[in-house]
Amino acid sequence: MRILAFETSCDETALTLVDFFVSKKGFLPKISILAEKVASQVQAHAPFGGVVPILAAREHEKNLEILFLQLLKASPERATAREFMEKIDLIAVTAGPGLMPCLLVGTAFAKALAYKHKKPLIGVNHLEGHLYSGFLSQELSTCNPQLIFPALALIVSGGHTELVLIHGIGHYQVLGETLDDAAGEAFDKVARLLGLGYPGGILLEKEAQKGNSEAFSFPRPMLKSGDYNFSFAGLKTSVLYALRELEKSQAYKQNKASIRADIAASFQQAVVDTLVAKTKKALRDYKAKALFVGGGVIANTKLRQALERLCQEERLLLLISPKRYCGDNATMIALAGYFNFKTPNQHKWQLLKVNPNLNL
Ligand code: KG4
Ligand code: ZN
């Protein structure tokens, strides 16, 4: 089964062409990624210090056709557009959540292709994509579903921080989410407070490498809440207050660079500790057999190491998104599209609640 997938929910325009080979033994296919094309918009948004939705939508509009033609050239057959489309069995596109003008551009493009070439089209929940990117950590066809489910997923991105119980493919139960800022958003905002610029997460991680993570004792929010929810707005405010106090001191003026690195390292550690503690509680409470992790923040090395340690201690299988698939990409959308297509009547992830107007 050949899937052409699109991702345009935020500031990456991404297209992928993937072949899925279904084995007779199980429902987990062997996958072969034939071609991937991505246009990052970092430079377009950098002057504004964050993503400007309408600018992002215009960039997607400009990039989609160019990338589609590049994908066509990079595909094994190097076919004409018509021949290329003839071999496609399914088109998958991110339907939400995401920035509405950006989603509309991507879904309109995918819909037009599907209509013109009479191909089935499936709208994919972006978070479901991040979740399945964990499968890219190993040979999918060798995974035994009986050894994986029930599994827990931790999704940590710029817009979401979620713990999801996965009873089986396509059968989810959201256990907890952030009540205010997502972890990635907190990284971005603290990076701005420290004057590190955009994109914040990766710059903050670099700054943290130079600092001492025990220099400041920032809070680990909601650890005693008894549920699986998160809250990172207060942690960000603690950094703001610490900075305000420091700015009054002579020591800060003299050691600005090293104190800034200490703040970055201490903040990063607080986020990592909080995510790991909540994940551990959910893993134990629900007796999960595996942990899926994905989303932009999972590219963070300290967080990856902490999750690896956790799964070793708990003797669990860790399906962690490879670094290059942590950020937004279309391969994860192809994966989620495949599973949605194969299990159409399962309990879906409230896609329509996310995006009532897309009508896919
Ligand atoms: O999944 P993603 O690419 O887009 C959304 O769906 O939101 O996640 C982007 C988020 C941003 O907040 C970015 O700052 C954060 O992931 N991020 C990181 C790192 N790389 C990206 N946060 C911490 N450490 C990183 N290395
Ligand atoms: Zn994302």
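All residue numbers here refer to positions counted from 1 along the written sequence of the relevant chain. Each chain gets a letter, beginning with A, and each ligand a number, beginning with 1, in the order they are written. Where local features are concerned, this predicted model is filtered to residues with pLDDT of at least 70; where side-chain atom pairs are given and counted, the filter is 80 or more; whole-chain, interface and lining totals use all residues. Hydrogen atoms and water are omitted, and side-chain values are computed over all heavy atoms in the structure.

Where helix 6 (residues 183-193) contacts helix 7 (residues 200-208), the axes come no closer than 8 Å and their chain directions differ by 65°. In terms of crossing hand, the pair formed by helix 6 and helix 7 is left-handed. On helix 7, the residues that touch Phe187, Asp188, Val190 and Ala191 of helix 6 are Gly200, Gly201 and Leu204. Split into classes, the residues belonging to the contact of helix 6 with helix 7 amount to four nonpolar, two polar and one charged. Geometry is summarised by axes, namely lines fitted to C-alpha atoms with helices restricted to the contacting stretch, and by angles between N-to-C directions that run from 0 to 180 degrees. The numbering of helices and of strands both runs from the N terminus, where a helix is a DSSP run of H or I of at least 4 residues and a strand a run of E of at least 2. Crossing handedness is read from the near helix: turned anticlockwise from the far helix by less than a right angle, it gives a left-handed crossing, and turned clockwise, a right-handed one. When checking whether two residues touch, look at their non-hydrogen atoms; a contact exists if any pair is within 4.5 Å. Only Asp, Glu, Lys and Arg are considered charged in this grouping, and only Ala, Val, Leu, Ile, Met, Phe, Trp, Tyr, Cys and Pro are considered nonpolar; every other residue, Gly among them, is considered polar.

Inspection of the region around ligand 1 gives 19 residues, with His130, Gly158, Asp188, Glu205 and Gly296 positioned closest. What qualifies as a polar contact is a pair of N or O atoms within 3.5 Å, subject to a donor-acceptor requirement within protein and to the restriction that residues adjacent in sequence count only when both atoms come from side chains. With respect to ligand 1, the side chain of His130 contributes an N or O atom lying 3.0 Å from an oxygen atom. Between ligand 1 and Gly158 there is a distance of 2.8 Å, counted from an oxygen atom to a backbone nitrogen or oxygen. Only the protein chains shown count as covering a residue, and every accessible area follows the Shrake-Rupley method with a 1.4 Å probe. Here ligand 1 has 550 Å² of accessible area as a free molecule, and 84% of this is covered by the chains. Among the secondary structure elements, those contributing two or more residues to the shell around ligand 1 are helix 5 (126-132), helix 6 and helix 7. Considered class by class, the residues forming the shell around ligand 1 number five nonpolar, eleven polar and three charged. Residues are counted as near a molecule or strand when any one of their heavy atoms sits within 4 Å of it.

So, about unusual backbone geometry. Across the chain, the bulk of peptide bonds are trans and the bulk of non-glycine residues have phi less than zero. The omega angle of the peptide bond from Gly96 to Pro97 is -5°, so this bond is cis rather than trans. If you trace the backbone, Pro97 turns up in the loop between strand 4 (90-96) and helix 4 (100-117). The amide bond that connects Tyr198 to the next residue, Pro199, takes the cis arrangement and shows omega of 0°. Following the sequence through the fold, Pro199 ends up in the loop between helix 6 and helix 7. Phi at Lys118 takes a positive value of approximately 55°, unusual for a residue other than glycine. Tracing the backbone shows Lys118 in the loop between helix 4 and strand 5 (121-125). Categorising residues by exposure relies on relative accessible area from a 1.4 Å probe, with only protein chains included: less than 20% of the type maximum marks a residue as buried, more than 50% marks it as exposed, and the intermediate range marks it as partly exposed. Classification of Lys118 by relative accessible area gives exposed; the value is 74%.

Moving on to the coordination of the zinc ion (ligand 2). The rule for donors is simple: N, O or S, within 2.8 Å of the metal, or within 3.2 Å if the metal is Na, K or Ca. Water isn't counted, so a site may look like it is missing partners. Ligation of the zinc ion (ligand 2) by protein atoms is provided by His126 (NE2), His130 (NE2) and Asp328 (OD), these donors lying 2.0 to 2.1 Å from the ion. Between the donor residues of the zinc ion (ligand 2), the gaps in sequence give the motif H-x3-H-x197-D. Linking His126 with His130, this pair stays in helix 5, spanning four residues, or about one helical turn. There is no split in this pair, since His126 and His130 are both buried.

Let us now look at the sheet that holds strand 4. Strand pairing requires that DSSP identify at least two bridges connecting the strands. One open sheet holds the five strands; their spatial order is 3-2-1-4-5, and the pairing between them is mixed. Every other strand in the sheet has two partners, leaving strand 3 (30-40) and strand 5 as the edge strands with one partner each. Strand-to-strand twist across the sheet, computed as the mean angle between neighbouring axes with direction ignored, equals 20°. Across the sheet, helix 2 (residues 53-74) lies against strand 1 (2-7), strand 2 (12-21) and strand 3, angled at about 35° from strand 2, the strand it touches most. Docked against the sheet, helix 4 engages strand 1, strand 4 and strand 5, running at close to 160° with respect to strand 4.

We now examine helix 8 (residues 233-247). Each residue after the first adds 1.5 Å to the expected span of a helix. For helix 8, spanning 15 residues, the distance from its first C-alpha to its last is 21 Å, which sits close to the expected 21 Å at 1.5 Å a residue. Where helix 8 is concerned, the buried positions are Ala233, Leu235, Lys236, Val239, Ala242, Leu243 and Leu246. Where helix 8 is buried, its residues touch helix 6, helix 9 (250-254) and helix 10 (256-285).

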